[in-house]
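# Observations on the three-dimensional arrangement
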Amino acid sequence: MHNIDIEVVEMTLDVMKYAISRITHSSPELGKPKSEEDLRELVGETITPEGIGGESAFGLFKDVLVKATVPIDHPRHLAFVPASPTRAAIMFDLVTSASSIHGAYWMEGAGGIFCENEAMKWLVSLTGLPKGAFGVFTSGGTAANLSAMVTARENWRKNPENRNVKALVITSEGAHSSIKSMAKVIDADVLLVETEDLMTADMLKAKIAGLDPAQRKRLFAVVATGGTTNAGIIDDLEGVAEVCAQEELWFHVDAAYGGGALASDSARHLFKGIEKADSITIDPHKWLFSPYDCGAVIYKNPELAKEAHEQEGSYLDIFKDEGARGFNPSDYQIQLTRRVRGLPLWFSLAMHGTDKYKWAVEEGIKLANLAGELIADHDDLELVREPSLSCVLFRRKGWSPDDYRSWTYKNHEEGFALVTPTKWKTQGTSETVARFCFINPHTTIEDIVAILQSME
């Protein structure tokens, strides 16, 4: 099966033909899921002792299986945080896989890691962190947040009094679900500042002041959000940074979604204070137009991350040898084995330039503001809050949660759009509302009008 024969050549041509068709199609079919039973009935057994052949397997994928998926770059996919990788990034994702580069250590992956680091320099420059700051690409925001929190905790435990003590972190109710998940992994407790809106310095001070002495001793970090997933809200980063400095706490900013807006002129000022962070998460596979999966964690002091994550093993000693010296991404985050997932971002940046990235991010912000105007002018709709970054929360007057769900499933079933509801708390009461998240520059005002009309 490792031989190069006519079957492999023909399959390569088929795969390239499919890839070219998909890359050049900006509005693919909006697929919808099928049950496992339905898929099993349609495709049968695909893993057999003899194999079913490449042509049959690829045919099943093209004709059945891919149609049971939702393309994240569909212009009317406005749910969750969608993505819209550039064609250049998609093409180079193929090159990345075909090149078979192990991106853990410089000795094996120097050329690819060099390219990743060029893209990382640009990311770091967006944050305004001081000289010496640097980062590494991860599988996504969860891995980035976890890597940062491991670094923070290990730094905190340099104090012998903190060893064998269960750590404590403070974040807000609006923070991403991965913060709580990450805390479970490192066996830390999480205290929430009770707000889905922006977390202010005063709120944080009050939460810290309310801790008993044992809790205060366990507190090691604060996680602020640079663009909440639900509503695009940016915490009071400047104020939170000052509190963390006063209290000698690690200051982490989860900007997995919103960090892309650092590339824009119109939203950059909203992130004032991010340059004071000890660590930052940004996901290029969200608003910086990379394919899945590509997150990033950036450290003000990368050496602290290296102390926390560098792995030991006799089979790894060669990577520390003078002849293998260079930047080793695995020393700065939780994964040892890794692909050079920053390569597609590098190629797209190199091909298009950063000005086009700035334009594309601004398009998402512009679409959110246009949607806000359309909703405000509609008799049956109203904004829940003003658009923030590229997120818009709004309600259909008189609708129940069941109405929103039925609307979502109807549009999806018809292959028209995927827009899902969420919940928003107003004066302590949670309600179901509709939500847009704009990432794709191919989304048009006509798309927005048509989706709003579907609520009538």
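All values derive from a computational prediction rather than experimental measurement.

## A few points about a negative patch on the surface
Taken together, the side chains of Asp5, Glu7, Glu10, Asp14 and Glu55 make up a negatively charged region of the molecular surface. Sorting elements by how many residues they give to the negative patch places helix H1 (residues 6–23) first, with three residues. Checked against the element boundaries, Glu55 lands in helix H3 (residues 54–65).

## Describing the nonpolar core
For soluble globular proteins, the rule of thumb is that nonpolar side chains tend to be buried together. Counting residues in each nonpolar core, the largest one holds 71 residues, and the members touching the most others are Leu123, Phe251, Ile280 and Trp287. For this core, the element with the highest residue contribution is helix H5 (residues 106–127), accounting for eight residues. Not counting residues up to four positions away in its chain, the partners in contact with Phe251 are Val222, Ala224, Leu237, Val240, Ala241, Cys244, Gly273, Lys276, Ala277, Asp278 and Ser279. Grouped together as the second largest cluster of nonpolar side chains are 20 residues, Ala371, Val392, Leu452 and Met455 included.

## Examining the sheet that holds strand E9 (residues 391–396)
Ordered in space as E8-E9-E11-E10, the four strands form an open sheet in which the pairing is antiparallel. Only two strands of the sheet have a single partner each, and these edge strands are strand E8 (381–383) and strand E10 (421–426). On average, each strand axis in the sheet is tilted by 50 degrees relative to the strand beside it, whichever way the strands run. In this structure, E8 lies alongside E9, joined through three bridges in antiparallel fashion. Bridge pairing links Glu382 to Arg395 in E9. Running at roughly 20 degrees to strand E11 (residues 429–437), helix H15 (residues 401–413) makes contact with E9, E10 and E11 of the sheet.

## Looking at helix H16 (residues 445–453)
In an α-helix, one turn spans 3.6 residues; hence positions three or four apart end up facing the same way. For H16, every residue scored as buried is listed here: Asp447, Ile448, Ile451 and Leu452. An end-on view of H16 places all buried positions within 130 degrees of arc, on one side of the element. Where H16 is buried, its residues contact helix H14 (354–376), E8, E9, H15 and E11.

What counts and how
- Residues numbered from 1 in each chain as written.
- Predicted model: local features only at pLDDT ≥ 70, side-chain atom pairs only at ≥ 80, totals over all residues.
- Heavy atoms only, no water.
- Patch = residues over 30% accessible without salt bridge, like charges linked within 9 Å, V, L, I, M, F, W, Y side chains within 5 Å.
- Areas by Shrake-Rupley, 256 points an atom, 1.4 Å probe, with all protein chains shown as cover.
- Salt bridge = Lys/Arg side-chain N within 4 Å of Asp/Glu carboxyl O.
- Lys, Arg positive; Asp, Glu negative; His and termini not counted.
- Charge placed at Lys NZ, Arg CZ, Asp CG, Glu CD.
- Helix = DSSP H or I, 4+ residues; strand = E, 2+ residues; numbered from the N terminus.
- Core = buried A, V, L, I, M, F, W, Y, C linked by side-chain atoms within 4.5 Å.
- Buried < 20%, exposed > 50% of the residue type's maximum accessible area, 1.4 Å probe, protein only.
- Contact = heavy atoms within 4.5 Å.
- Pairing = 2+ DSSP bridges.
- Axes fitted to C-alpha atoms, helices over the stretch in contact; angles between N-to-C directions.
- Arc of directions from axis to C-beta.

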